[in-house]
Amino acid sequence: LDDYLYYEDCGEDVEKNAEGYWPYVDAYEGWNPQGDAAANVTYKGQSASVRAANSQHYGPTAEAVGASDKPYAFLNKVPSSAHFVIENIAVTGGSNYIFTYNVSCQNGYSGTPTFAEITNSLVHLELGYDGANWDKVDCAFSPNGGNGWYAATTEFKVAANATKLYARFTYEVQPDGGCRLDDFKLVAGGNGAELAPE
């Protein structure tokens, strides 16, 4: 997966604004999209910010593979409509792709945070061609370092006339929670079903 078409590590540094809040994803200026498919990539969301909390409790541990640590995109625990969208990844019509990312979901806090097992019923990835119509896809999740981090992978094919790919992330709200997302990557290959956004 090193020969990527698109890769985003959420940049190297993020700071709170003058009011003491982490920047929303559409206001963050540290995005670092890389690869031949990344030229026109933009980011938006609702109750979605970029954060860099204490890595001792929230970042992936040293044994994680392909994890860049903070910063990361963060979906807030309220409202339940929180979402994060990656827009305008360039694709070639009729091609097969593999999309990967890293994710951790906090589900409680009692002195230190606790984390949920990541499944498709907890974290949702939807893909589409226009940012309005979506096809929910299943991912394979495997533990990737401590602090609840998992590596996610999905394979799919795009329609013959596709030129852009959009990815939308949502999750089922957890008490004292929040969903952290990082290290988004698109590579050629795989053998998944063709996306059929509704």
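Now for a quick tour of the structure. (Residues numbered from 1 in each chain as written. Predicted model: local features only at pLDDT ≥ 70, side-chain atom pairs only at ≥ 80, totals over all residues. Heavy atoms only, no water.)

1. Things to note about the pattern of salt bridges
1) Next: Considering all chains together, one arrives at two salt bridges under this definition.
2) Next: Among the salt bridges present, the one from E87 reaches K44, with a minimum N-O distance of 3.6 Å. Of this pair, E87 sits in strand β5 (residues 83–90) while K44 sits in strand β2 (residues 42–46), placing them 43 residues apart in sequence.
3) Next: Under the relative-accessibility criterion, K44 is labelled partly exposed at 36%.
4) Next: Note that R168 and E126 form a salt bridge whose closest N and O atoms lie 2.8 Å from each other. (Salt bridge = Lys/Arg side-chain N within 4 Å of Asp/Glu carboxyl O. Helix = DSSP H or I, 4+ residues; strand = E, 2+ residues; numbered from the N terminus. Buried < 20%, exposed > 50% of the residue type's maximum accessible area, 1.4 Å probe, protein only.)

2. Points about the nonpolar core
1) Next: Residues F84, I86 and Y101 are the most contacted members of the largest nonpolar core, which totals 47 residues.
2) Next: Elements represented by at least two residues in this core include exactly β3 (48–51), β4 (72–75), β5, β6 (96–110), β8 (123–128), β11 (150–157), β12 (164–171) and β13 (178–188).
3) Next: Per-element accounting of this core gives the leading share, five residues, to β6.
4) Next: When near neighbours in sequence (up to four residues on either side) are disregarded, Y101 contacts V123, L125, C139, F141, Y150, A151, A152, F169, L181, D182, D183 and F184. (Core = buried A, V, L, I, M, F, W, Y, C linked by side-chain atoms within 4.5 Å. Contact = heavy atoms within 4.5 Å.)

3. Quick notes on the side chain of D183
1) Next: Here D183 lies in strand β13.
2) Next: As a buried residue without a salt bridge, D183 has its nearest oppositely charged side chain in K185, at a separation of 7.8 Å.
3) Next: For D183, the side chain forms a polar contact with the side chain of Y7, separated by 2.9 Å.
4) Next: A distance of 2.6 Å separates polar atoms of two side chains, one belonging to D183 and the other to S68. (Lys, Arg positive; Asp, Glu negative; His and termini not counted. Polar contact = N/O pair within 3.5 Å; in protein donor to acceptor, adjacent residues only side chain to side chain.)

4. A few points about the side chain of T154
1) Next: Here T154 shows up in strand β11.
2) Next: A relative accessible area of 5% means that T154 is categorised as buried.
3) Next: Of note is the side chain of T154, whose polar atom sits 2.8 Å from the backbone oxygen of D138.
4) Next: Ignoring anything within four residues of it in the chain, the contact list for T154 reads Y97, I98, F99, L125, V137, D138 and C139.

5. Points about the sheet that holds β5
1) Next: On the basis of which strands lie adjacent, the open sheet formed by five strands has the order β2-β5-β12-β8-β9 and antiparallel pairing. Since the sheet does not close on itself, it has two edges, and those belong to β2 and β9 (135–137), each with one partner. Going across the sheet, the axis of each strand differs from the next one's by a mean of 25 degrees, ignoring polarity.
2) Next: Strand direction decides the pairing type here: β8 and β9, joined by three bridges, are antiparallel. Following the sheet pairing, L127 is matched in β9 by D135. (Pairing = 2+ DSSP bridges. Axes fitted to C-alpha atoms, helices over the stretch in contact; angles between N-to-C directions.)

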